[in-house]
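Here is how the chains run, residue by residue.
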Amino acid sequence: MIHLSGSRPGDGRLTHELDPQDTGPQDACGVFGVWAPGEEVAKLAYFGLYALQHRGQESAGIAVSNGKQILVYKDMGLVSQVFDEATLQSLQGYLAIGHARYSTTGSSVWENAQPTFRATAHGAVALGHNGNLTNTGELARLAAERRAVTGVTDKHAMTSDTGLMTELLASYPDRSLEDAAVEVLPQLRGAFSLVWMDETTLYAARDPQGVRPLMLGRMDRGWVVASEQAALDTVGAGFIREIEPGELIAVDENGLRSRRFAEPRPKGCVFEYVYLARPDATISGQNVHAARVEMGRTLAREAPVEADLVIATPESGTPAAIGFAEESGIPFGQGFVKNAYVGRTFIQPSQTLRQLGVRLKLNPLREVIEGKRLVVVDDSIVRGNTQRAVLKMLREAGATEVHLRISSPPVKWPCFYGIDFATRAELIANGLNTDEIAKSIGADSLAYITLDGMTAATGQPADRLCRACFDGVYPIELPEEELLGKHLLEISVDPLARTDALSRP
């Protein structure tokens, strides 16, 4: 196996946010896998990850096998920065997996970039993970026990839940990788949509709750799995179905086979419909764009207001703004011009420029806004800093009234299943009521969609959704140690240090 890092180390900054000091809910990761003899699988993985870039911008990686050895290439940065034509040309094989990462357990450092890799008695394993496990402490202890049994000393730093899973899969020298997976997968708790591989076989699995999406597609000469259908479309694969909760699939020269490792208990993440997934995604049979438009319609019915124009905070608020306009009869208009070329900032702005806030990425259209009563639609409020800056710009551009409408309920609880929200203490809805938030951010009025209204818009029964960030009801049990958050595996084992960490908000 050959393991390379990129020649152009990235800074790993997430800059898709309008305000780097007010990062919104960070996306879960994106995974992609392809088994296709005769195809340029590294390029297929590259374009698949490109379609999933919105799910993770910290690092990217691809593992490829030619049937004899696995080659892994990964680095910090965006997919387009990590890979070039020469790199992809060097990744020859018929089987590949890819990963675009935003860290939820483990720091944003090269060592935690994926796919992860371990040697096994039967060859090697490379793995990519979308989601977040809730029993990492238990798994770390299990991995230590497995090392004691096998006598293998792990030389890799295990600072991510993905690294733990990879080590556990590699820790059964008397079993095939597939049999090892059947042993390991039932012991995992939390959210996991996985793709992994050995030298000859592509594997994929989804947690029993199906918290994160995972799709199966078919090519003329092979099979593809990906976090979202857009990645299948991008590489010319036809959508077959979703990988079922609690299902393990394997693809090799004998075709595709499936087996259950756990009974399904569906609890899909409702925030996929609100924000995370691409608008062209379809999850559990529901088109995401249509769900967001319906959220806007519902919001207009639940929180009507007299106004002259409906605008969106680009681009995540646009479908809901369209729905709000359709239902209310208020015209929809473009209130902002967004700079499409400020996707990654290598130069930090001076204090003077920093005070301009989101103006580097958004600029209001004065001719559209001046003298108008506006309804501004956004998908969520985290700290409120971005909305405060946006509303200030609109008033400076001549808006006479600014009414803010949010197409999700107030976010009050952290996510332990693959979304990195701000800490609970930082969430503005935990410290202020709706009227106080409106006053704080400078809105003439503020209203959120109701939990029931948002749920109905997804087309899914409430008992098949995880809504924990809104209602605090967690469908997968959370051990106390998970309160340590994403750096659990990097915190000192000193009991005093652990107590201090648990006392943080």
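Reading guide: rules and limits
Residues numbered from 1 in each chain as written. Predicted model: local features only at pLDDT ≥ 70, side-chain atom pairs only at ≥ 80, totals over all residues. Heavy atoms only, no water. Pairing = 2+ DSSP bridges. Helix = DSSP H or I, 4+ residues; strand = E, 2+ residues; numbered from the N terminus. Axes fitted to C-alpha atoms, helices over the stretch in contact; angles between N-to-C directions. pLDDT = per-residue confidence, 0-100. Contact = heavy atoms within 4.5 Å. Phe/Tyr/Trp six-rings, centres within 6.5 Å; stacked < 30°, edge-to-face > 60°. Lys NZ or Arg CZ within 6 Å of the ring centre and 35° of its normal. UniProt positions renumbered as here; feature names shortened; annotations may be inferred. Buried < 20%, exposed > 50% of the residue type's maximum accessible area, 1.4 Å probe, protein only. Polar contact = N/O pair within 3.5 Å; in protein donor to acceptor, adjacent residues only side chain to side chain. 1 Å grid on protein atoms, 1.4 Å probe; cavity = no way out; pocket = protein on both sides within 12 Å on 5 of 7 lines; lining within 4 Å. Points joined across faces, edges and corners; volume = space filled by probe spheres on them. Nonpolar A, V, L, I, M, F, W, Y, C, P; charged D, E, K, R; others polar.

**Describing the sheet that holds strand 9 (residues 202-206)**
- Pairing within the open sheet is antiparallel, and its six strands lie in the order 6-7-8-9-13-14. The sheet terminates laterally at strand 6 (116-120) and strand 14 (255-260), the two strands that pair on one side only. Ignoring which end each strand starts from, the neighbouring axes of this sheet average 20 degrees apart.
- By the bridge criterion, four bridges tie strand 9 to strand 13 (residues 247-252) in an arrangement that is antiparallel. Following the sheet pairing, Ala205 is matched in strand 13 by Leu248.

**Details of the confidence of the model for the chain**
- The predicted model of the chain has a mean per-residue pLDDT of 85, with 82% of residues at 70 or higher.
- Segment residues 484-505 is flagged for pLDDT under 50; beyond a separation of four residues in sequence, or across chains, it makes 36 contacts in the model.

**Examining the packing of aromatic side chains**
- A complete count under the given rule lists 11 aromatic pairs for this structure.
- Feature note: the residues Tyr46, Phe47, Tyr50, Tyr73 and Phe83 constitute an aromatic cluster, connected by ring pairs.
- Here Arg146 stacks its cationic end above the ring of Tyr172, 4.0 Å away from the centre of that ring.

**Focus on the sheet that holds strand 22 (residues 401-406)**
- Here four strands make up an open sheet; going across it, the order is 18-21-22-23 and the pairing parallel. Both outer strands of the open sheet, strand 18 (309-312) and strand 23 (445-448), are each paired with one neighbouring strand and no more. Looking at each pair of strands side by side, their axes are set apart by 20 degrees on average, direction ignored.
- Where strand 18 meets strand 21 (residues 373-378), four bridges bridge the pair, whose relative direction is parallel. By the bridge assignment for strand 21, Ile311 is matched with Val376.

**Section: the UniProt feature "binding site: Mg(2+)" (unreviewed entry) in the chain**
- The feature "binding site: Mg(2+)" (unreviewed entry), as given by UniProt, occupies Ser316, Asp378 and Asp379 in the numbering adopted here. With the annotated positions falling across 64 residues, the maximum pairwise C-alpha distance of 7.0 Å places them together in a single cluster.
- Here Asp378 falls in the buried class, since its relative accessible area comes to 6%.
- When near neighbours in sequence (up to four residues on either side) are disregarded, Asp378 contacts Thr313, Ser316, Gly317, Gln387, Arg405, Ile406 and Ser407.
- Side-chain polar atoms of Asp378 contact the side chain of Gln387, separated by 3.0 Å.
- Locating Asp379 in the fold gives a position in the loop between strand 21 and helix 13 (385-396).
- Note on Asp379: relative accessible area 3%, which makes it buried.
- Not counting residues within four places of it along the chain, the set of residues in contact with Asp379 comprises Val274, Tyr275, Ser316, Gly317, Ile406, Ser407 and Ser408.
- Within the local environment of Asp379, its side chain forms a polar contact with the side chain of Ser380, the two groups lying 2.8 Å apart.

**Considerations on empty space enclosed by the protein**
- Per the counting criterion, the structure on display carries three cavities of 30 Å³ or more.
- Forming the walls of the largest cavity are 14 residues, and the residues nearest its centre are Cys269, Cys415, Ile419, Cys466 and Cys469.
- Looking at the lining of the largest cavity, its residues break down into 13 nonpolar, no polar and one charged.

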